[in-house]
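Examining the three-dimensional arrangement
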Amino acid sequence: MSTKKRKKKKHHALLPYFTTPAIYVLLSLLIVIPMCLILLNVSVKLVHKAQPSFAFSISDIELDDSAFKADNTQSGTVKRPTPASGDKIAELSCDSAGFKCNVYYGANRVSFRNGAGMYTEVLAGDTGVCKIAGERASAFAAVGNIKEGDKLRLVTNWGSFVYSVSKISTGTEPPEETMPQSLLLITESGDKAFSDFNEGNMYILADIESGVQLEEEQK
């Protein structure tokens, strides 16, 4: 047998070792891919069907800047607002400190991305302490410039407020309020990137000078 024929025969002998696996792979793909697509479609439908029963998560909050409509009313009793989580409800500023930021309803990491967050328990205009928190690395970067006696202006969807800074402290506990209505700003005590490396919080307590009063909450 010639060398040329031997090589040709050897070539044909090796061919099944390549073609057979290739056929199996193609057949598998023809079966597996459609099955995966079917299962994925079923899974998506199941998730969409189950979503209404899931517990609300902070990660579901979407910030809405369009919710803010500045109200410059400075006195009187006004209707209690009903904002949704993530709504922009106010703008907070201190001209002497070069400080200004957006305030969203709810103090959480989503609000802190674009501004500060107002705690939902006591709103500006309620009796008690209205708390607003923010991060020194973003919206509250300039709070270190605020001094005692400075004026804080809070313009909300339901009225305008002016507060006078009465006490600035650091630690684990906020200062005690002395007025029926106060504003408390809360942030990290230092400007380090991670809050665990800062020693407690920085608290800025301000007493109300003017502003509207919210109507009593219906129980």
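So, here's what we can say about the structure. None of these values were measured; they are calculated from a predicted model. The residue count restarts for each chain, going from 1 along the sequence in the order it is written. Only residues with pLDDT of 70 or above have their local features reported here, since the model is predicted, and side-chain atom pairs are shown and tallied only from 80 upward, although totals for entire chains, interfaces and linings are computed over all residues. Values shown for side chains rest on all heavy atoms present in the structure; no hydrogens or waters enter the calculation.

Side note on the overall build of the protein chain
To be explicit about the condition: Helix and strand assignments follow DSSP, with helices taken as H or I runs no shorter than four residues and strands as E runs no shorter than two, numbered in order from the N terminus. Relative accessible area decides the class of each residue, using a 1.4 Å probe on protein chains only: under 20% of the type maximum gives buried, over 50% gives exposed, and in between gives partly exposed. Contact criterion: two residues are considered in contact whenever any of their non-hydrogen atoms come within 4.5 Å of each other. The Shrake-Rupley method, run with a 1.4 Å probe sphere, supplies the accessible areas, and residue values consider only the shown protein chains as cover.
What the protein chain contains, in helices and strands, is two helices and 10 strands. Mapped from its N terminus to its C terminus, the protein chain presents α and β elements in the order α-β-β-β-α-β-β-β-β-β-β-β. In the protein chain, buried positions account for 36% of the 219 residues. Summarising the internal contacts of the protein chain: among those between residues at least 6 apart in sequence, 60% fall at separations of at least 24. Here the protein chain displays about 14,000 Å² of accessible surface, and carbon together with sulfur accounts for 56% of that area.

Here's the deal with the sheet that holds strand 6 (residues 151-156)
This is how it is decided: Between any two strands, at least two bridges found by DSSP are needed for them to pair. To obtain an axis, a line is fitted to C-alpha atoms, over the contacting stretch when the element is a helix, and the angle between two such axes runs from 0 to 180 degrees between their N-to-C directions.
Within the closed barrel, the eight strands sit side by side as 2-3-4-5-8-9-7-6. Their pairing is mixed. Mean inter-strand twist for the sheet, computed between neighbouring axes without regard to direction, equals 30 degrees. Across nine bridges, strand 7 (residues 160-171) lies against strand 9 (residues 201-210) in antiparallel orientation. In the strand pairing of strand 9, Lys-167 is matched with Leu-205.

A look at the pairing of strand 3 (residues 99-105)
In regular strands, side chains alternate between the two faces of the sheet. For strand 3, a buried count of five out of seven residues is recorded, marking the element as mostly surrounded by other parts of the structure. Pairing of strand 2 (residues 88-94) with strand 3 involves six bridges; the strand directions are antiparallel. By the bridge assignment for strand 3, Ser-93 is matched with Lys-100. Where strand 3 meets strand 4 (residues 116-118), three bridges bridge the pair, whose relative direction is parallel. Considered in strand 4, the bridge of Val-103 is made with Ala-116.

Thoughts on the side chain of Asp-87
The test is simple: The convention is simple: Lys and Arg are positive, Asp and Glu are negative, and His and the chain ends are not counted. Think of a salt bridge as a Lys or Arg side-chain nitrogen and an Asp or Glu carboxyl oxygen that are within 4 Å of each other.
Tracing the backbone shows Asp-87 in the loop between strand 1 (77-78) and strand 2. Nearest to the buried, unbridged Asp-87 among oppositely charged side chains is Lys-69, at 9.7 Å. Sequence-distant contacts of Asp-87, that is, excluding residues within four places in its chain, are made with Asp-64, Ala-67, Val-103, Tyr-104 and Tyr-105.

Some thoughts on the packing of aromatic side chains
The line we're drawing: Working definition: rings of Phe, Tyr and Trp (its six-membered ring) pair if their centres are within 6.5 Å, and the pair is stacked with planes under 30 degrees apart, edge-to-face with planes over 60 apart, and tilted otherwise.
Taken as a whole and judged by the stated rule, the model has two aromatic pairs. Ring plane angle 80 degrees and centroid distance 5.5 Å describe the contact between Phe-99 and Phe-140, whose orientation is recorded as edge-to-face. Placement of the pair is Phe-99 in strand 3 and Phe-140 in the loop between strand 5 (128-133) and strand 6, with a sequence separation of 41 residues. Side by side, Phe-99 and Phe-140 carry an identical accessibility label, which is buried. Here Phe-161 and Tyr-163 contribute two aromatic rings whose centre-to-centre distance is 6.2 Å and whose plane-to-plane angle is 20 degrees, an arrangement assigned as stacked.

A few points about a nonpolar patch on the surface
Using the following cut-off: What makes a patch is a set of residues exposed beyond 30% relative accessible area and free of salt bridges, joined within 9 Å when like-charged and within 5 Å when nonpolar (Val, Leu, Ile, Met, Phe, Trp, Tyr).
A cluster of nonpolar side chains, contributed by Ile-23, Leu-27, Leu-30, Ile-31, Val-32, Met-35, Ile-38 and Val-42, occupies part of the molecular surface with about 780 Å² of accessible area. Within the secondary structure, Ile-31 sits in helix 1 (residues 3-50).

Considering the environment of Leu-154
Within the secondary structure layout, Leu-154 lies in strand 6. By relative accessible area, which is 0% here, Leu-154 ends up buried. When the C-alpha positions of Leu-154 and Val-103 are compared, they lie 9.2 Å apart, and in sequence the two are 51 residues distant. Look past the residues within four positions of Leu-154 in its chain and what remains in contact with it is Ala-90, Glu-91, Leu-92, Val-103, Met-118, Ala-124, Ile-132, Gly-159, Ser-160, Phe-161 and Tyr-163.

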